[in-house]
Amino acid sequence: MINNFEYYSPTRVVFGKGTEQQVGKLIKEYGGSRVLIVYGGKSAIHSGLLEKIKNILLQENLYIAELGGVVPNPHLEKVYEGIQVGKREQIDFLLAIGGGSTIDTAKAIAYGLAEPEKDVWELYGHTRTAEKCLPVASILTISAAGSETSRGSVITNEKTHAKRAYDDNLARPKFAIMNPDLTKTLPDYQTESGCVDIMMHTMERYFTNGGNMEITDALAEGLLRTVMKNAQILHTEPENYEARAEVMWAGSIAHNDLTGCGNDGGDFMSHKLEHELGGMFDVTHGAGLAAIWPSWARYVYQDCLPRFSRFAKNVMGVNSNASEEEIAVQGIDAMEKFYHSIGMPINFQELGIHPDNQQIREMAERCCIASGSHTGSAKKLTVEDMAAIYLMANQTGK
Ligand code: NZQ
Ligand code: ZN
């Protein structure tokens, strides 16, 4: 069955070497004049990228203000700080330099500045929807979250440890500058976590019981094979431009909804289970996904057997006369081997966290609340299922 769909991916992608030189002209083209540059801890300072971009904007006579210090699993407090800076400086355009955390922070600030009389956290608590959003764009320095073209943003309320997503086309970035060279300074762990996240964005859309299309499956399977191949290249050759370029472009396609056309909206429970890990233990998102996915897969595969066996054959290269069920399990085994080959964990112990039973219960309950009515497509999960998957990942993943 092919579901009706709307595909909306308006972000202009400017891809390749040296493309960051165009940032000033692009901001002007999209009506920006007073720009808030949002960046993370230190990578953009150390690489000299921040200074370079500031000079380019000043040459274009753009007014700039700065907000640094965004952390991974970005904090609500930083969003509020950014809204204050934005109001004071009369900002009309948000430019993020970094990855998912800085882009998501910029999106949240953009919502907050567009409707300054309302509390932006209400969006992430899903008690209202946004009516307006200031324009956002990014210079991407890590291939992972796909926020550079996605409608999503994910913010952590550091006081309650609630990590919550808000999805809205209003925040789709105006443009994304994607120069693969800018990702060469990444530590291997971040590069590989990013590759896992990219794959997961497509796998979340692939493992469904609610419809699919041949073209969408072909794109998804090709994307997964390409990212796996290039993730392994980057594990030993971090300077390889071609591999960085393949992964970077895959990162956008994986999460701009192209690999979900015709399905039922996807599963996304691995992501929801992981967001609770990020909120409670501050783990790197992609590594957290690698640690939870095998347990999720073993828990649900029997309810989604045709997709799991297809995945095993077309993506993981399983070639066997075994039963459909055995082939599905061999595919999961093969994915675990792949994660290990790029230095990624496959359970909580390898991730470096040891939640106790009370914390597992708490995460399951929070995950249930955050999921609302959408608790999976491969298998609809109850709170007990969620706790059982956390428990599996906390033991051996099996
Ligand atoms: O803070 P700095 O010093 O910049 O260091 C960052 C950070 O420590 C570092 N880094 C980034 N570019 C670098 C670099 N280090 C050296 N050289 C470079 N070129 O990498 C670390 C991770 O950065 P972060 O922005 O957190 O990475 P990522 O892009 O993986 O973003 C993760 C966040 O995005 C959310 C995740 O939940 C997580 O909070 N997601 C957002 C989505 C969306 N908006 O659509 C969807 C995703 O599923 C995801 O949930
Ligand atoms: Zn993700």
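Since the model is a prediction, treat every value here as computed from it, not as a measurement.

Student: For this particular structure, what's the right way to read the packing of helix α10 (residues 269-281) against helix α16 (residues 383-394)?
Tutor: Helix-helix packing: each pair is described by the crossing angle between the helix axes and the interaxial distance. Axis separation between α10 and α16 bottoms out at 12 Å; the angle between their running directions is 70°. When the axis of α10 is compared with that of α16, the two are roughly perpendicular. Judged by the sense of rotation from one axis to the other, the crossing of α10 with α16 is right-handed. Between α10 and α16, the residues in contact are Met269, Lys272, Leu273, Glu276 and Leu277 and Met386, Ile389 and Tyr390, respectively. Per-class residue counts for the contact of α10 with α16 are 6 nonpolar, no polar and 2 charged.

Student: I tried to follow the coordination of the zinc ion (ligand 2) on my own but got confused; where do I start?
Tutor: Tetrahedral coordination by four donors places them ideally at 109.5 degrees to one another around the metal; octahedral coordination by six donors ideally gives 90 or 180 degrees. Here the zinc ion (ligand 2) is held by Asp197 (OD), His201 (NE2), His271 (NE2) and His285 (NE2), and the distances to it run 2.0 to 2.2 Å. The sequence pattern describing where the donors of the zinc ion (ligand 2) fall on their chain is D-x3-H-x69-H-x13-H. Remark: His285 occurs in helix α11 (residues 285-300) and His201 occurs in helix α7 (residues 188-206); sequence separation between them is 84 residues. For His285, a relative accessible area of 18% translates into the label buried.

Student: Which parts of the structure should I look at to understand the site of ligand 1?
Tutor: Taken together, 32 residues are adjacent to ligand 1, and Gly41, Ser43, Gly100, Ser101 and His201 come closest. Note that an oxygen atom of ligand 1 is positioned 2.7 Å from one of the side-chain N or O atoms of Lys163. Within the contact set of ligand 1, an oxygen atom lies 2.8 Å away from a side-chain nitrogen or oxygen of His271. In isolation ligand 1 has 960 Å² of accessible area, and contact with the protein removes 89% of it. Contributing elements (two or more residues each) for the shell around ligand 1: α5 (100-114), β6 (152-157), α7 and α10. The class makeup of the residues in the shell around ligand 1 is 9 nonpolar, 19 polar and 4 charged.

Student: Can you help me understand helix α4 (residues 76-88) in this one?
Tutor: Along an α-helix, a turn takes 3.6 residues, which lines up residues three or four apart on a common side. The end-to-end C-alpha distance of α4, which contains 13 residues, comes to 19 Å, matching closely the 18 Å that a straight helix rising 1.5 Å per residue would cover. Among the residues making up α4, those that are buried are Leu76, Lys78, Val79, Gly82, Ile83, Val85 and Gly86.

Student: How should I be thinking about the environment of Phe311 in this particular structure?
Tutor: Among the secondary structure elements, Phe311 is positioned in helix α12 (residues 305-314). With relative accessibility at 1%, the residue Phe311 sits in the buried group. Sequence separation between Phe311 and Gly331 is 20 residues; the distance between their C-alpha atoms is 6.9 Å. Contacts of Phe311, omitting those with residues within four sequence positions, involve Met203, Tyr206, Phe207, Leu224, Trp293, Met316, Gly331 and Met335.

Student: Explain the sheet that holds strand β1 (residues 12-15) here, please?
Tutor: Hydrogen bonding along the main chain pairs the strands of a sheet, whether they run parallel or antiparallel. Strand order in the open sheet made by the 6 strands is β1-β8-β5-β4-β2-β3, with parallel pairing throughout. With partners counted over all chains shown, the strands left at the sheet margins are β1 and β3 (63-67), one partner each. Taking each pair of neighbouring strands and ignoring which way they run, the sheet shows an average axis angle of 20°. Running at roughly 155° to β3, α4 makes contact with β2 (34-39) and β3 of the sheet. Contacting β2, β3, β4 (93-98) and β5 (136-140), α5 runs over the sheet at an angle of about 165° to β4.

Student: Explain the pairing of β5 to me, please; I cannot follow it from the model alone.
Tutor: One face of the sheet, then the other: side chains in a regular strand alternate in exactly this way. Here β5 lies mainly inside the structure; 5 of its 5 residues are buried. Of the two faces of β5, the one carrying Val136, Ser138 and Leu140 and the one carrying Ala137 and Ile139 are both buried. One ladder, built from 5 bridges, connects β4 with β5; its direction is parallel. Following the sheet pairing, Leu94 is matched in β5 by Val136.

Student: When you look at helix α15 (residues 357-371) in this model, what are you seeing that I'm missing?
Tutor: Here α15 spans 21 Å end to end across 15 residues, near enough to the 21 Å set by a 1.5 Å rise per residue. Among all positions of α15, only Ile360, Met363, Ala364, Arg366, Cys367 and Ser371 are buried. Taken together, the buried residues of α15 touch β7 (162-167), α10 and α16. At the N-terminal boundary of α15, the capping side chain belongs to Asp356, with an oxygen 3.2 Å from the backbone nitrogen of Gln358. Phi turns positive, to about 60°, at Gly372, one or two residues after α15.

Parameters at a glance
- Residues numbered from 1 in each chain as written.
- Chains lettered and ligands numbered in written order.
- Predicted model: local features only at pLDDT ≥ 70, side-chain atom pairs only at ≥ 80, totals over all residues.
- Heavy atoms only, no water.
- Axes fitted to C-alpha atoms, helices over the stretch in contact; angles between N-to-C directions.
- Helix = DSSP H or I, 4+ residues; strand = E, 2+ residues; numbered from the N terminus.
- Parallel < 35°, antiparallel > 145°, perpendicular 65-115°, else oblique.
- Left-handed = near helix turned anticlockwise from the far one by under 90°.
- Contact = heavy atoms within 4.5 Å.
- Nonpolar A, V, L, I, M, F, W, Y, C, P; charged D, E, K, R; others polar.
- Donors = N, O, S within 2.8 Å, 3.2 Å for Na, K, Ca; no water.
- Buried < 20%, exposed > 50% of the residue type's maximum accessible area, 1.4 Å probe, protein only.
- Near = heavy atom within 4 Å.
- Polar contact = N/O pair within 3.5 Å; in protein donor to acceptor, adjacent residues only side chain to side chain.
- Areas by Shrake-Rupley, 256 points an atom, 1.4 Å probe, with all protein chains shown as cover.
- Expected span 1.5 Å × (residues − 1).
- Pairing = 2+ DSSP bridges.

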